[in-house]
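So you can see what is in the structure, the chains are spelled out below.
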Amino acid sequence: MTPDLSLLAINLTQRCNLACEHCYLDAGTLKDGTEGELSSQEVCALLDEIVDMDAGSMVVLTGGEPLVRRDLEEIIEHGAQKELAMVLGTNGALLTKARVKSLKEAGLMGAGISVDSLNPEFHDRFRGQQGSWQQTMNGIENCRQADLSFQIHFSITDDNAHELDEMIQFAKLSGARVLNIFFLVCTGRGESFSDISPLRYEQTLKKVIQAQEKHPDLIIRARCAPHFKRLAHQQNPDSKLNQISGREGEGCIAGIHYARITHDGNVTACPYIETSVGSIRETSFTQIWSQADDFKQLREPALEGRCGSCEYQKLCGGCRARPVAESNNLMGGDDFCSYVPQGQAIIQPLENLQQGVTWSEEADQRLQRIPRFIRKMVKKRAEVYVAERAQTVVTAEHLSELSARRFGGKMPFKKPTGIKVK
């Protein structure tokens, strides 16, 4: 059975107004990179196909810098009118008041804005342009004033990992709904950029887990860090929630519930895996999603190396992009992980514990109001949460408790209102 597509990232362009040291695309300048870009019609046709898949997907429009595309609002409006969750991944520097207004009117659900440091000089150096930090701050404020949901994206390196606590406070004070902490995979320009060390990686993930418990009013989550599931289980192995496989949303979902479309129509498992499994200009995305060999491997992995002997292989599974970058082996061991397998039995992810759990009418009504792209994950977590307490009915109170614990009482993005339908 082909799994649902929860998240689709579309690199609309390789063009960018900045030149970030860590960019996986080796993005071009404003004057370059237009050759081969998917047209408005091609992107909208892809969105129609995603709608027909009936997966309730979230679509992330990114780049390069997607705001350099003049047809961005047209694309957003097309997807939003078909009830796709349309969001933006941006460096934030071009989020003027007028642009935020037009994006929101088109139906944009929210934006993920990259902030690499609270030190303007560090951020500007990281982004390759003086003054970019202030432009990004202006963009965040413009989103806040327009009541457009936004998240902060913080890419961790050895040079800025010490800022995590301050970045959490900044995200809260700025009105962000989420702080996403990205752990770089060295591809593109990032191949020559120093990543975080394995030791700091482990330490930072532990701090992320602790920070979420300390700050329930802000969603704090690791990205491109499937080891998060191992650490969470190690800290609390009795928690049934920690026994849910990371493949269900908290770990690596590349090729399982997630795919990326390049600016010229190629399909890859994630932004850090450059190997194309097909082109939407030659084959339908639906066919690629269901039949690509690499995707089938990711869904039924036969892991090798240290990952293949690790007892956490089904909860975590390691990053698949790193072994591809190192040895072109999709199933290879993730040598960036510092954990040494203990030779114990494989920890089996939670399955079917929620059988026999039913939903109250009020809880089910609330579930249907949750954006479809995360509804399945919320449903499973709620049923596990109730079963763990030896109860049999999910109530609205249970959903409120889970929302406060996982989402700080608010969802990652708000559904847009007032979408203009032609």
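Residues numbered from 1 in each chain as written. Predicted model: local features only at pLDDT ≥ 70, side-chain atom pairs only at ≥ 80, totals over all residues. Heavy atoms only, no water.

1. Details of a negative patch on the surface
In step 1: Residues Glu361, Glu362, Asp364, Glu397 and Glu401 make up a contiguous surface patch of negative charge.
In step 2: Broken down by secondary-structure element, the contributors of at least two residues to the negative patch are helix H13 (361-369) and helix H15 (396-406).
In step 3: Relative to the assigned elements, Glu362 resides in helix H13. (Patch = residues over 30% accessible without salt bridge, like charges linked within 9 Å, V, L, I, M, F, W, Y side chains within 5 Å. Areas by Shrake-Rupley, 256 points an atom, 1.4 Å probe, with all protein chains shown as cover. Salt bridge = Lys/Arg side-chain N within 4 Å of Asp/Glu carboxyl O. Lys, Arg positive; Asp, Glu negative; His and termini not counted. Charge placed at Lys NZ, Arg CZ, Asp CG, Glu CD. Helix = DSSP H or I, 4+ residues; strand = E, 2+ residues; numbered from the N terminus.)

2. Observations concerning the sheet that holds strand S4 (residues 110-114)
In step 1: Pairing within the open sheet is mixed, and its 9 strands lie in the order S7-S6-S5-S4-S3-S2-S1-S8-S9. Every other strand in the sheet has two partners, leaving strand S7 (219-223) and strand S9 (267-268) as the edge strands with one partner each.
In step 2: Where strand S3 (residues 85-90) lies against S4, 4 bridges are found, and the strand directions are parallel. Along S4, the bridge assignment pairs Gly89 with Gly112.
In step 3: Those strands touched by helix H6 (residues 164-174) are strand S5 (150-156), strand S6 (178-183) and S7, and its axis lies near 170 degrees from that of S5. (Pairing = 2+ DSSP bridges. Contact = heavy atoms within 4.5 Å. Axes fitted to C-alpha atoms, helices over the stretch in contact; angles between N-to-C directions.)

3. What to know about the pairing of S4
In step 1: Of all 5 residues in S4, 5 are buried; the element is thus mostly enclosed.
In step 2: The sheet contact formed by S4 and S5 spans 4 bridges and is parallel. Residue pairing across strands places Ala111 opposite Phe150, the latter belonging to S5. (Buried < 20%, exposed > 50% of the residue type's maximum accessible area, 1.4 Å probe, protein only.)

4. Thoughts on the confidence of the model for the protein chain
In step 1: Looking at the protein chain as a whole, its pLDDT mean stands at 88, while 89% of the residues score no less than 70.
In step 2: Every residue in residues 188-194 scores below 50 in pLDDT, and together they form 21 contacts with partners more than four places removed in sequence or on other chains. (pLDDT = per-residue confidence, 0-100.)

5. Brief notes about the packing of helix H2 (residues 72-81) against helix H3 (residues 97-106)
In step 1: Closest axis-to-axis distance for the H2/H3 pair is 8 Å, and the angle between their directions is 25 degrees. Compared by their axis directions, H2 and H3 come out roughly parallel. In this structure, H2 contributes Leu72, Glu73, Ile76, Glu77 and Ala80 to the contact, and H3 contributes Arg99, Ser102, Leu103 and Ala106.
In step 2: Among the residues forming the contact of H2 with H3, the class breakdown is 5 nonpolar, 1 polar and 3 charged. (Parallel < 35°, antiparallel > 145°, perpendicular 65-115°, else oblique. Nonpolar A, V, L, I, M, F, W, Y, C, P; charged D, E, K, R; others polar.)

6. So, the pattern of salt bridges
In step 1: Within the structure shown, the criterion is met by 14 salt bridges.
In step 2: The residue Arg15 makes a salt bridge to Glu37 at a minimum N-O spacing of 3.0 Å. Of this pair, Arg15 sits in the loop between strand S1 (7-11) and helix H1 (40-53) while Glu37 is found in the loop between S1 and H1, placing the two residues 22 residues apart along the sequence.
In step 3: Taking the relative accessible area as the measure of exposure, Glu37 reaches 15% and is therefore buried.
In step 4: Of the charged contacts, one joins Arg281 and Glu42 as a salt bridge, the two residues approaching to 2.9 Å between their closest N and O atoms.

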